[in-house]
Structure formats: structure tokens, C-alpha cells
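Tertiary structure, described
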Amino acid sequence: MSERKCVNKYKKPDEQYRCKDSRRTKIKKIFSIRFMIPFDIICKKCSWVFKQGKKINALKENVLSENYLNISIFRFYFKCPQCTKGVSLKTDPKNSYYIPEINCERLTGFKKHLN
């Protein structure tokens, strides 16, 4: 019985101390998170309104090709509950803002001045 509960497995010294190339190359990491909508947005396909503060399940992706002053930029993917089309937002650390990207736009008439 105790053999099945063993957490530590023996690894050969070659496998244990082998230098991995994954440290040198950046890997695209995608995480599933619980995300809160930062402002009112509307789906372009079905006109469904996402109210500010609504919690949804989203995929968080690190955008590797872009950064601002060594600050990572993230992209959040989620689905519209009405039409199940993909919607995405991207962070903008320069202006402390989120940029609506795919299949969505900001609902209110207020637009933050972006440099």
C-alpha cells in the first residue's frame, strides 16, 4: 500500500540535472482565469451587452511580441454567452487601460484619450 502513495519518483541523474532549453526560449503560456469586465462592452455580432463588473471565465495569454518598459502585455479571450463568438481584450500599460480587440467595442460614449 505504501508504494502506491509514494510521491517522490527516482530520476536518473541525466534527466534530473539536464539543462533545458526552455529557459532560454520564451514559451507562450495560456491560463484559464476568472476575469471581471473592466467597463461596459458590446458584442459586435449579436449586440449582447457585458456590464462592468460581470465575472466570466477567460483565457489569459501573454503577448510575447509586445511589451512596454519591460511590462508584460496580456490578452484575455472569452466567449459571448448569447452567440458563443470569441471576444478579446488586451491590456495597455502605457495608458492604464484595456483595448477591445476582437468582436467587441466599448459601449459608452466616453473614450479615453490614447497617446
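An account of the accompanying structure is given in this report. Note that the coordinates shown come from a computational prediction; the quantities given were computed from them, not determined experimentally.

Hydrogen bonds between backbone atoms are what pair the strands of a sheet, whose relative direction is either parallel or antiparallel. Taken in spatial order, the 5 strands make up an open sheet running β1-β4-β5-β6-β7, and their pairing is antiparallel. The two strands at the open ends of the sheet, each matched to only one other strand, are β1 (30-36) and β7 (97-102). Put simply, the sheet's adjacent strands are angled 35° from each other on average, direction ignored. Of the strand pairs in this sheet, strand β5 (residues 71-79) and strand β6 (residues 86-92) are connected by 5 bridges, and their pairing is antiparallel.

Strand order across the open sheet formed by 3 strands is β3-β2-β8, with antiparallel pairing between neighbours. Two strands bound the open sheet, and with one partner strand each, they are β3 (49-50) and β8 (104-106). In terms of strand pairing, strand β2 (residues 41-43) meets β8 through 3 bridges, oriented antiparallel. Directly across from C43, in β8, lies its bridge partner C104.

What counts and how
- Residues numbered from 1 in each chain as written.
- Predicted model: local features only at pLDDT ≥ 70, side-chain atom pairs only at ≥ 80, totals over all residues.
- Heavy atoms only, no water.
- Pairing = 2+ DSSP bridges.
- Helix = DSSP H or I, 4+ residues; strand = E, 2+ residues; numbered from the N terminus.
- Axes fitted to C-alpha atoms, helices over the stretch in contact; angles between N-to-C directions.

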